[in-house]
Amino acid sequence: MTPFKFSIADNPTAAIAALTKNDHAAFLGGGTNLLDLMKEHVTNPTEIVDLGKLAFKEIKNTSSGISLGALAKNTDTANHPTIRKDYPLLSKAILAGASAQIRNMATNGGNLLQRTRCSYFYDIAMPCNKRQPGSGCAAIDGFNRMHAVFGWSDKCVAVYPSDMAVALSALNASVKVMAQNSTERTIAIHDFHLLPNDHPEKDNSLKHGELITSIEIPKNNFAEHSAYIKVRDRNSYAFALVSVAVGLEMNGNVIKAANISMGGVAHKPWRATNAEQALVGKAAVLANFEKAAEAEMRLARPLSHNKFKIEMGKNTLINALEAAYKG
Ligand SMILES: Cc1cc2nc3c(=O)[nH]c(=O)nc-3n(C[C@H](O)[C@H](O)[C@H](O)COP(=O)(O)OP(=O)(O)OC[C@H]3O[C@@H](n4cnc5c(N)ncnc54)[C@H](O)[C@@H]3O)c2cc1C
Ligand code: SF4
């Protein structure tokens, strides 16, 4: 690891000021991703500002839904009684990620900002536009089995790894951030993570020094009919090959509303709008689930080693819709 200055912020203003002064400083949440990146020299901050003493750890009901403190641990979020009862999709997605030990350390804000698991990104001997802009992409003609089938560019074909964010996308969450002078802004989750286009080094729309303070989830009617299905190579410590988060609102057997997001297929949680449109107003039967899955995956552009994700995506979508309907 490269030597760095370390401080523990007493308040958000001090934390934000430290980063504003230093372009090479970084916040520390649980450290479960940042420290790995530092050990591999993928990122070399000269200063680390620990957020552990700040508030922003509460999970609380609001008039419009629920607010998740950015520094609440993933475990506490997944096991919170209101999350389990009213937002079970989120609970299922978090518990499908990482391992119990990592979830005990990982924070909600850090989870959103975890970086891709593309192996070339972690190997500093290889070209990678995300790590070193302009150096090329080793994955596009390399071993790209884990990579994207939607939304990729010729600059980067990596996928975004968070399970939690896939559920947050299906739940139309938004991210509250604080900048200098305590100014705040709220970013819809769909605008928070970015597709790679020409700048894959930019994973999200956060500016340097902006602190995530909370994640807001609006009320919904999906609690009875939601599912998160994750297909992976191993049962633990494995990122999604494909995952699907589904929330259905039913009127008898008819689908009144369908929110669907996919993980493991794009540079951000992939909102499956074509599948959603194919389902609204239709009966919840297998034939309609198949048509919806087909409508979404028809638009996929596979790479040389990941054509299997098309069939896998279809089947996972169908399974998740069936599981959500059964409740
Ligand atoms: C072996 C292993 C397996 C894993 N498997 C999975 C998996 O299957 N699914 C999955 O979803 N995840 C998985 N993870 C990733 C894990 O979920 C993330 O590492 C974790 O959520 C990151 O949270 P953290 O608080 O530790 O972030 P940190 O490592 O502390 O920070 C990550 C980034 O966020 C920034 N940051 C942190 N908090 C804030 C804030 N409040 N405001 C602004 N910036 C902030 C940091 O500066 C850093 O850039 C795995 C990790 C490991 C090590
Ligand atoms: S896919 Fe993206 S992260 Fe992976 S090597 Fe290419 S540019 Fe880097």
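Residues numbered from 1 in each chain as written. Chains lettered and ligands numbered in written order. Predicted model: local features only at pLDDT ≥ 70, side-chain atom pairs only at ≥ 80, totals over all residues. Heavy atoms only, no water.

- Under an unreviewed UniProt entry, the name given to the protein is Xanthine dehydrogenase family protein subunit M, and the source organism is Pedobacter endophyticus.

1. Things to note about the sheet that holds strand E2 (residues 25-28)
Then comes step 1: One open sheet holds the three strands; their spatial order is E1-E3-E2, and the pairing between them is parallel. Bordering the open sheet on either side are strand E1 (5-8) and E2, each of which pairs with just one other strand. Taking the axes of each pair of neighbouring strands and ignoring which way they run, one obtains an average angle of 20 degrees across the sheet.
Then comes step 2: For E2 and strand E3 (residues 47-50), the ladder comprises four bridges, and the chain directions are parallel. What sits directly across from Phe27, in E3, is Val49.
Then comes step 3: In the packing of helix H1 (residues 12-21) onto the sheet, the strands contacted are E2 and E3, and the crossing angle to E2 comes to about 150 degrees. (Pairing = 2+ DSSP bridges. Helix = DSSP H or I, 4+ residues; strand = E, 2+ residues; numbered from the N terminus. Axes fitted to C-alpha atoms, helices over the stretch in contact; angles between N-to-C directions. Contact = heavy atoms within 4.5 Å.)

2. With respect to the packing of aromatic side chains
Any aromatic ring pair is given by two values, namely how distant the centres are and how the planes are angled relative to each other.
Then comes step 1: Across all of its chains, the model carries two aromatic pairs by this definition.
Then comes step 2: Consider the rings of Phe121 and Tyr122, whose centres lie 5.8 Å apart with planes at 80 degrees: the pair is edge-to-face.
Then comes step 3: When its relative accessible area of 0% is taken as the criterion, Phe121 is described as buried.
Then comes step 4: Geometrically, the ring pair formed by Phe150 and Trp270 is stacked, given 4.7 Å between the ring centres and 5 degrees between the ring planes. (Phe/Tyr/Trp six-rings, centres within 6.5 Å; stacked < 30°, edge-to-face > 60°. Buried < 20%, exposed > 50% of the residue type's maximum accessible area, 1.4 Å probe, protein only.)

3. Some thoughts on the side chain of Ser67
Then comes step 1: Looking at where Ser67 falls in the secondary structure, it is placed in strand E5 (residues 65-69).
Then comes step 2: Separated by 2.9 Å, the side chains of Ser67 and Glu216 make a polar contact. (Polar contact = N/O pair within 3.5 Å; in protein donor to acceptor, adjacent residues only side chain to side chain.)

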